[in-house]
Amino acid sequence: MRIYLSSLGCARNQVDSEVMTGRLAAAGHEFTDIAQEAEAIIVNTCAFIESAADQAIEEILDLASCKQQGECKKLIVTGCLPQRYGFESARALPEVDLFLGTGAYDLIEKALTKDNCFKENCILPPPEQTVLPAWDAPRSWNKGPVAYIKIMEGCGRHCTYCIIPRLRGSLRSRPAFDVAREACFLADQGAAEIVLVGQDTTSWGRDLKSSQRFSDLLKEVAETVSDRWVRFLYGHPDQIDTRLLKTIESHCNICRYLDIPIQHASDRMLKRMGRGHDKKFLAALFEQIREILPDAALRTTALVGFPGETNKDFTQLLEFVEQVQFDHLGAFVYSDAGDLPSHKLDGHVPAQEAQDRHDLLMMRQADISLAKNRQRIGKSMDVMIEGRSEDDMFFGRTRFQAPEVDGVTFIKTTSGPGEIIRVRITDADEYDLTGVPA
Ligand code: SF4
């Protein structure tokens, strides 16, 4: 069949989509970028917060029109939306022929080759049923400068605002040798940067019998692809230890970049969120990072408007952000839903008040990011070219700019995607930098 696949959500979902695409291509199916031409359409969805689920439904309804105006005979929805809403999504979306939950990705081939091969149109085995694809599983990635590797599935924690453990199941780590093989394979295929991702990346290995921990995996990958940039995202504060920081310090190809969502800095909120640590712990952690890796870039995520959050709590978060001075910060407004443990908590914050706090936090962070970026003017650094922006301007990223979530660096150059060039920074705004070849 000729297939169109729409991949929504995070980098981890993107890897699931690439593995599904790889499998189907290996089974002889073709892919098109034009939905109207597709005989089958797959939408791999995200539903970790309400707005993501709304976006998925919009995309599904938009693509469902191809069944009337295009070649489409089969519309399949996979991933977190059916896993979260189950048969309710089937009732709400009769346009969809089949729903495959996060435990059923392996059934995508069967779903496309045979009609009515399932008793029901909603297949929701436990998420743990998904077999983690090995390094040599067919996977079609865009062969761009960046390749993501999903090193695990699921999460063993129970943050009260988070639906992910229910959607993705308990923590399952891939063997270190398998991840290192995949890094080698992707580097051979042209990846200049390898990004390790998981739901709770730094907890990799906690489910394995071996005493290996994430710092061991990171070391193995960095030494396997020693001439490529290596980065990891979605760290957890209580898994960032001296061993990990020393591993980063001793490997020049590991980006000195730490993505550590704090979510909040008020002890009351951290407790209600089930984060398992307090502000004192977080402050000591960032102090230790600054000691061992003084030039490290810090990214974090904060959740505002959580049930029970008072102005005093929010002020503590603002003050902590000012104190730590993160390079990058993403803020989210708490998204309530009946299937979350936090839904039962008292003190839900009015939407406008929560949004005002979000906007104030982002304004403060914009000032911090601008000041930090301005300090880089006149300095020279490595930039990995990613693509052309306009005319003869290209954009790329430094080691302290992660793909898709942080700003970029603009430069006039003749170098192509994946090439790493030395750049002297000449200008900066709160997100992006501009430079010239050094
Ligand atoms: S660690 Fe992350 S994925 Fe796991 S429950 Fe907490 S927020 Fe969700």
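How each quantity is defined
- Residues numbered from 1 in each chain as written.
- Predicted model: local features only at pLDDT ≥ 70, side-chain atom pairs only at ≥ 80, totals over all residues.
- Heavy atoms only, no water.
- Domains from an automatic or database assignment.
- Contact = heavy atoms within 4.5 Å.
- Buried area = accessible area lost by both parts, 1.4 Å probe.
- Salt bridge = Lys/Arg side-chain N within 4 Å of Asp/Glu carboxyl O.
- Pairing = 2+ DSSP bridges.
- Helix = DSSP H or I, 4+ residues; strand = E, 2+ residues; numbered from the N terminus.
- Axes fitted to C-alpha atoms, helices over the stretch in contact; angles between N-to-C directions.
- Core = buried A, V, L, I, M, F, W, Y, C linked by side-chain atoms within 4.5 Å.
- Buried < 20%, exposed > 50% of the residue type's maximum accessible area, 1.4 Å probe, protein only.
- Patch = residues over 30% accessible without salt bridge, like charges linked within 9 Å, V, L, I, M, F, W, Y side chains within 5 Å.
- Areas by Shrake-Rupley, 256 points an atom, 1.4 Å probe, with all protein chains shown as cover.
- Lys, Arg positive; Asp, Glu negative; His and termini not counted.
- Charge placed at Lys NZ, Arg CZ, Asp CG, Glu CD.
- Polar contact = N/O pair within 3.5 Å; in protein donor to acceptor, adjacent residues only side chain to side chain.
- Near = heavy atom within 4 Å.
- 1 Å grid on protein atoms, 1.4 Å probe; cavity = no way out; pocket = protein on both sides within 12 Å on 5 of 7 lines; lining within 4 Å.
- Sits in = over half its atoms within 2 Å of the grid points.
- Nonpolar A, V, L, I, M, F, W, Y, C, P; charged D, E, K, R; others polar.
- Phe/Tyr/Trp six-rings, centres within 6.5 Å; stacked < 30°, edge-to-face > 60°.
- Lys NZ or Arg CZ within 6 Å of the ring centre and 35° of its normal.

1. Focus on the domain arrangement of the chain
With domains assigned, the chain is organised as domain 1 (2–129), domain 2 (146–374) and domain 3 (380–437). Computed over C-alpha atoms only, the centres of domain 2 and domain 3 are separated by 24 Å. The interface of domain 2 with domain 3 comprises 20 residues on the first partner and 22 residues on the second. The contact between domain 2 and domain 3 buries some 1700 Å² in all, and 57% of this surface belongs to carbon and sulfur atoms. The tally of links from domain 2 across to domain 3 stands at two salt bridges.

2. With respect to the sheet that holds strand S15 (residues 380–390)
In spatial order, the strands read S15-S16-S17-S19-S18; together these five strands close into a barrel with mixed pairing. Shown here is a sheet whose adjacent strand axes are inclined to one another by a mean of 50 degrees, direction ignored. Across four bridges, strand S16 (residues 393–397) lies against strand S17 (residues 409–412) in antiparallel orientation. Within S17, the position partnered with Phe 395 by the bridge is Phe 410.

3. Focus: the sheet that holds strand S7 (residues 146–150)
With respect to topology, three strands assemble into an open sheet ordered S7-S10-S11, the strand pairing being parallel. The outermost strands of the open sheet, each flanked by one partner alone, are S7 and strand S11 (229–232). When strand polarity is set aside, the average angle formed by the axes of neighbouring strands in this sheet is 25 degrees. The pairing of strand S10 (residues 193–197) with S11 spans four bridges and is classified as parallel.

4. Observations regarding the nonpolar core
Where a protein is soluble and globular, its nonpolar side chains tend to be buried together. In terms of nonpolar packing, the biggest core is built from 55 residues, with Leu 196, Leu 258, Phe 286, Ile 289 and Leu 361 touching the most fellow members. Residues in contact with Leu 361, not counting those within four places in the same chain, are Ala 302, Val 304, Phe 314, Leu 317, Leu 318, Val 321, Leu 329 and Ala 331.

5. Considering a negative patch on the surface
Taken together, the side chains of Glu 50, Asp 54, Glu 58 and Asp 62 make up a negatively charged region of the molecular surface. On the secondary structure map, Asp 62 appears in helix H2 (residues 50–64).

6. A few points about the environment of Cys 255
Looking at where Cys 255 falls in the secondary structure, it is placed in the loop between helix H10 (242–249) and strand S12 (257–259). Classification of Cys 255 by relative accessible area gives buried; the value is 1%. Sequence separation between Cys 255 and Arg 231 is 24 residues; the distance between their C-alpha atoms is 5.5 Å. Among residues more than four places away in sequence, those in contact with Cys 255 are Trp 229, Val 230, Arg 231, Ile 248 and Arg 399.

7. Digging into the side chain of Lys 150
Examined against the element boundaries, Lys 150 turns out to sit in strand S7. Its relative accessible area of 8% is what places Lys 150 among the buried residues. Here the side chain of Lys 150 touches Glu 153 through a polar contact of 2.7 Å, side chain to side chain. Beyond its immediate sequence surroundings of up to four residues, Lys 150 is in contact with Arg 12, Val 15, Asp 16, Arg 168, Arg 174 and Val 197.

8. What to know about the site of the ligand
Neighbouring the ligand are Cys 155, Arg 157, Cys 159, Tyr 161, Cys 162, Ile 164, Pro 165 and Arg 275. The pocket occupied by the ligand, as judged from atoms lying within 2 Å of grid points, is the largest pocket. Classifying every residue of the shell around the ligand by side-chain character gives six nonpolar, no polar and two charged.

9. Some details on the packing of aromatic side chains
Using the criterion set out here, one finds six aromatic pairs in the structure. Between the aromatic rings of Tyr 161 and Phe 306, the centroid separation amounts to 6.4 Å while the plane-to-plane angle is 90 degrees, which identifies the pairing as edge-to-face. In this pair, Tyr 161 sits in the loop between strand S8 (152–153) and helix H7 (164–168) while Phe 306 sits in the loop between strand S13 (297–304) and helix H13 (311–324), placing the two residues 145 residues apart along the sequence. Across this residue pair, the class does not change: Tyr 161 and Phe 306 are buried. Here Phe 214 and Phe 232 contribute two aromatic rings whose centre-to-centre distance is 5.0 Å and whose plane-to-plane angle is 70 degrees, an arrangement assigned as edge-to-face. Of this pair, Phe 214 sits in helix H9 (residues 214–224) while Phe 232 sits in strand S11, and the two are 18 residues apart along the sequence. Considered together, Phe 214 and Phe 232 belong to a single accessibility category, that of buried residues. Members of the aromatic cluster, each reached through a chain of ring pairs, are Tyr 161, Phe 306 and Tyr 334. Here Arg 12 stacks its cationic end above the ring of Tyr 234, 3.8 Å away from the centre of that ring. Cation over ring: Arg 376 sits above Phe 400, and NZ or CZ is 3.7 Å from the ring centre.

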